[in-house]
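Chains, contacts and geometry: an overview
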Protein chains: 2
Amino acid sequence: MLDTVLIWIDKNRGGWLEDLKPWLRLASVSADPAHQADLTAAADWAMHYMRAAGLEPEWIPTARHPCILARTPGNRHKPDAPHILFYGHYDVQPADPLDKWITPPFEPTIRDGKIFARGASDDKGQVFCHLAALLAWKQIAGELPVRMTVLLEGEEEIGSMSLEPVITQYADELKTARALIVSDSNQLAPGVPTLTTGFRGMVYYQVEVAGAAEDLHSGVYGGAVANPANALVGMLGALHDVHGRVTIPGFYDEVVMPEASILQQWRQLPFDEAELIRRLGVSELFGEKGFSTLERRWCRPTLDINGLTSGYQGPGAKTVLPGAASAKVSMRLVPHQDPLRIAAAFETYLGSLKPAGVRLKLQRLNASPAVLTPTDSPAVAAAAEALEIGFGQKPVFTREGGTVPVVSSFKKLLDVDSVLIGFGLPDDNLHAPNEKFDLASLYGGMRTAAALYDRLGRILSNGRGG
Amino acid sequence: MLDTVLIWIDKNRGGWLEDLKPWLRLASVSADPAHQADLTAAADWAMHYMRAAGLEPEWIPTARHPCILARTPGNRHKPDAPHILFYGHYDVQPADPLDKWITPPFEPTIRDGKIFARGASDDKGQVFCHLAALLAWKQIAGELPVRMTVLLEGEEEIGSMSLEPVITQYADELKTARALIVSDSNQLAPGVPTLTTGFRGMVYYQVEVAGAAEDLHSGVYGGAVANPANALVGMLGALHDVHGRVTIPGFYDEVVMPEASILQQWRQLPFDEAELIRRLGVSELFGEKGFSTLERRWCRPTLDINGLTSGYQGPGAKTVLPGAASAKVSMRLVPHQDPLRIAAAFETYLGSLKPAGVRLKLQRLNASPAVLTPTDSPAVAAAAEALEIGFGQKPVFTREGGTVPVVSSFKKLLDVDSVLIGFGLPDDNLHAPNEKFDLASLYGGMRTAAALYDRLGRILSNGRGG
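Each chain has its residues counted from 1, following the order in which its sequence is written. In the order they appear in the text, chains get letters beginning with A and ligands get numbers beginning with 1. Given that the model is predicted, a residue must reach a pLDDT of at least 70 before its local features are reported, and side-chain atom pairs must reach 80 or more before they are shown or counted; all residues, however, enter totals for whole chains, interfaces and linings.

A word on the interface of chain A and chain B
In this description, any two residues whose backbone-derived C-beta atoms lie within 7 Å of each other are considered to be in contact. Counting residues at the interface gives 74 residues for chain A and 81 residues for chain B. Examining the composition of the side of chain A that touches chain B, we find that nine residues originate from one element, strand 11 (residues 302–311) of chain A, more than from any other. In this classification, the charged set is Asp, Glu, Lys and Arg, the nonpolar set is Ala, Val, Leu, Ile, Met, Phe, Trp, Tyr, Cys and Pro, and all remaining amino acids, among them Gly, are polar. The residue makeup of the side of chain A that touches chain B, split by class, is 30 nonpolar, 32 polar and 12 charged. As judged from the five bridges shared by strand 11 of chain A and strand 11 (residues 302–311) of chain B, these two strands associate in the antiparallel manner. The partner of Leu-308 of chain A across the bridge, within strand 11 of chain B, is Ser-310 of chain B. Working definition: helices are DSSP H or I runs of at least four residues, strands are E runs of at least two. Numbering for both runs from the N terminus. The criterion for strand pairing is that DSSP finds at least two bridges linking the strands in question.

Looking at the relation of the copies chain A and chain B
A least-squares fit on C-alpha atoms brings the copies together, and the residues used are those whose pLDDT is at least 70 in both copies. Of the transformation superimposing chain A on chain B, the axial component is 1.2 Å and the angular component is 180°, with the fit at an RMSD of 1.4 Å. Overall, the copies show the geometry of a two-fold rotation axis. When you check the interface residues of chain A against chain B, 97% turn up at the interface there too, and the contact is symmetric in its surfaces.

Things to note about the pairing of strand 3 (residues 83–89) of chain A
Residues and elements named next belong to chain A. Any residue surrounded by 20 or more other C-beta atoms within 10 Å of its C-beta is treated as buried, while 12 or fewer makes it exposed and the intermediate range makes it partly exposed; C-beta atoms here are placed from the backbone. The buried fraction of strand 3 is high, at seven of seven residues. Of the two faces of strand 3, the one lined by His-83, Leu-85, Tyr-87 and His-89 and the one lined by Ile-84, Phe-86 and Gly-88 are each fully buried. Where strand 3 and strand 6 (residues 147–153) come together, seven bridges link them in parallel fashion. Of the residues in strand 6, the one forming a bridge with Ile-84 is Met-148. Relative to strand 7 (residues 179–182), strand 3 is paired through four bridges, and the arrangement is parallel. Paired with Leu-85 across the strands is Leu-180, a residue of strand 7.

Comments concerning the packing of helix 1 (residues 2–11) of chain A against helix 4 (residues 124–141) of chain A
Residues and elements named next belong to chain A. Note on definitions: angles span 0 to 180 degrees between N-to-C directions of axes, and those axes are lines fitted to C-alpha atoms, for helices only across the stretch in contact. Relative to each other, helix 1 and helix 4 sit at 120°, their axes nearing to 9 Å. Handedness of the helix 1/helix 4 crossing: right-handed. Contacts between helix 1 and helix 4 involve Thr-4, Val-5, Trp-8 and Ile-9 from the first element and Ala-136, Trp-137, Gln-139, Ile-140 and Ala-141 from the second. Less than a right angle of anticlockwise turn of the near helix away from the far helix marks a crossing as left-handed, whereas a clockwise turn marks it as right-handed.

Looking at the sheet that holds strand 4 (residues 109–111) of chain B
All names here are of chain B. Read from one edge of the open sheet, three strands run 4-5-18, paired in antiparallel fashion. Bordering the open sheet on either side are strand 4 and strand 18 (436–438), each of which pairs with just one other strand. Adjacent strand axes in the sheet meet at a mean angle of 25°, parallel and antiparallel pairs treated alike. Of the strand pairs in this sheet, strand 5 (residues 114–116) and strand 18 are connected by three bridges, and their pairing is antiparallel. Its bridge partner lying in strand 18, Lys-114 is registered against Asp-438. Against the sheet, helix 15 (residues 439–460) touches strand 5 and strand 18, its axis set at about 60° to strand 18.

Focus on the domain arrangement of chain A
Residue and element names in this part refer to chain A. Note that the domain bounds reflect an automated or database-derived domain assignment. In terms of domain boundaries, chain A breaks down into domain 1 (2–199 + 370–460), domain 2 (204–252 + 301–368) and domain 3 (256–300). For domain 1 and domain 3, the distance between their C-alpha centroids amounts to 27 Å. Across the boundary between the two partners, domain 1 contributes nine residues, which contact nine residues of domain 3. The class makeup of the residues in the side of domain 1 that touches domain 3 is five nonpolar, two polar and two charged.

Things to note about unusual backbone geometry
Across the junction of Asp-96 of chain B and Pro-97 of chain B, the peptide omega takes the value 0°, indicating a cis bond. Among the secondary structure elements, Pro-97 of chain B is positioned in the loop between strand 3 (83–89) and strand 4. Cis peptide bonds are those with omega within 30 degrees of zero, and the linkage from Asp-122 of chain B to Asp-123 of chain B qualifies with 5°. Tracing the chain through its elements places Asp-123 of chain B in the loop between strand 5 and helix 4 (124–141). Even without being glycine, Asn-429 of chain A reaches a positive phi, approximately 60°. With respect to the helices and strands, the residue Asn-429 of chain A is situated in the loop between strand 17 (418–420) and strand 18 (436–438). Taking the C-beta count within 10 Å as the criterion, Asn-429 of chain A has 21 such neighbours and is therefore assigned buried.

Okay, here's the thing in structure tokens:
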């Protein structure tokens, strides 16, 4: 039956594109209250599409943007089929700077075998692969090989604040899922199907240094009173040594490096450093001394300044001694760093670096641990087979440098393991102008999803759940 | 005759305020091209007011904002009166942050015996003292005790780039001036009339660090590629040691401290450190170890960050790895530091601190030396008498921490010495929100200016020039 489903998926390529485009036209920017109507419309589009795929969707209002929870009715899946949970999000990042887009962000455009639009890869296009596969199974087989629950949210790009309450509310039902499927990540390179087996955690701080009650004249008062901008850069500048290592005492204490066999696997991955340098527009890569680029991204913790604000930021010269200076600082954490312990070490160390005459205020905006997912579970075996069917090649096992906090939430609240099966590519321009999704990723992703539910149905059918 | 002029000035106080307000309403922010029309209007206002004072003003176009050069016609000053040059500026600093102003910056408002407005003290209010005094002399005496030339510019707050060409163009005429009068500085404290005898120089830089061509996701790329914000704070954070000393090699090599007798005088000045701490809203003062607060402001060089810009500056968390980071950095110089040598040392040292993977771009926006003015000239004697008449007390001799680069230009191009006779107060909030000028300073300044031109006419009438 899978073969027929795959043939139908392959035959219908132009039709799928036309199905996806209306979703991409909706500017579902969750950060911007002006786009409220687009978010509602995008959630509504997903409701309709899932109904067409035979699911019964429920609209779950939240404080901001709704979740959609859709289930296969009993007569739409095989008897005793395993219960599988799929998670995705229909909200997107802001599109600015608009003037850097070659075609408008919310007018999906095909160029060079790619579809360009905000959300094309993150995450509408990847979610669509699964919805289209479910639709194909319904059209061809009339029923699904698994009992399916799809949970879509509209706040992923702004911190998923409503997700945990929704998971908790439906926990009894969701707990019977044998696996959580997430497609919100990348393949290592074009033509290299990928299973992601872990990602970094994060601690994020707002750092504020205050001095005089107001901005002062830097000539009149320079030298007499502490300058918060001087103080801030002095403190933050001391957080790395010249080898790119973080100097916070105890920062690396809990870091556990992957086994040698995994590091050996990574060294054999088709990772093209020259391509990365070219794509990012840098002269060379840079980071903690003594580790490869993939190690620095996947299993070494980092500290990055995400924003700096102080004093005069306009054109030309203004001789102001700022009254305040602030920074956004995030640390990416690896197994087994404890976010709260790292947060405490950061606060203590910054406090010790604070010079006289200024006040320091630290506000923690985020704290989530790194996550490793199993590499040898039946669900991962099913995903590996599906990727080979979808893309014609055995997958590689990688990690991600980014943080997928929702996976931690599902693990914590439901004790369910994730399968991170991303179809994106490193050059998809996530969170940047000219986001795109390769049509090869789209069609391969749909084939993979169709095969995934078939294999999950077979491999998990004798287990618990149902 | 001076007595009659002073009485008329004192009688007419409300009228003077109404004269000044329209000038303060013009948002002549030279840094911002959006305020072009306000600059033109502010120059125009000065033309009209000087005409009323009997001067003949000339509009001198420049590449950006016009200069006004106004002279007393031959029948409007005493025969053989000495030629005196007055310099001031009609442009003002930007008013942001706007939300910190109690009343709007360009709606002059009287509160607690002070007039609040951007430019109230720096420099429109102080210039107005002189224009009003000239008007009073014309009204009462029909002629001035000196042959007066007033030169006003509109680019002081952005580096006075057109001033030297204008001075050069009119050098033959301006060279006959016996003294240059500038009121663009402060009194040491309320009720303490002050003659400033020196000020610091300045080198100002725009520092830009660039990394990847676009902002990146800090999770995906953190650790792999240099972060320009990390690099910037690393470099700038290394420019001071823990004792507040600047670490640029050779920075202090040329510094010459004042004679012991001058330092001794400074220790006896009525400078109230507790009042400064209270006024600035800080817990303590801070600066280079081993020097008093006045020494740190008047005769020690400093390095201050005036602005910081990078990445995400909005509310909450955004996981961006910035593509660029920039800072505004200024150094205050003291006698006999060479601005160009210091600039070169700064560039060399920052270059040596630059980590791999980023590009550093340095743009020098300013370079002017510290200046010392004579303390024993006839013009200074005239100014001391005038201050005693204007404020009822003998003046003290101080220096300023700020920079008045134009004074160096006049000295260099015309070989004329300055008399720095400032009427502002330390709490005037120059370059900050809620700039103000005490009405006592305004009225005392007008009286002083009226007396100054009388005394200069008497004391210098037998000398060269005229």
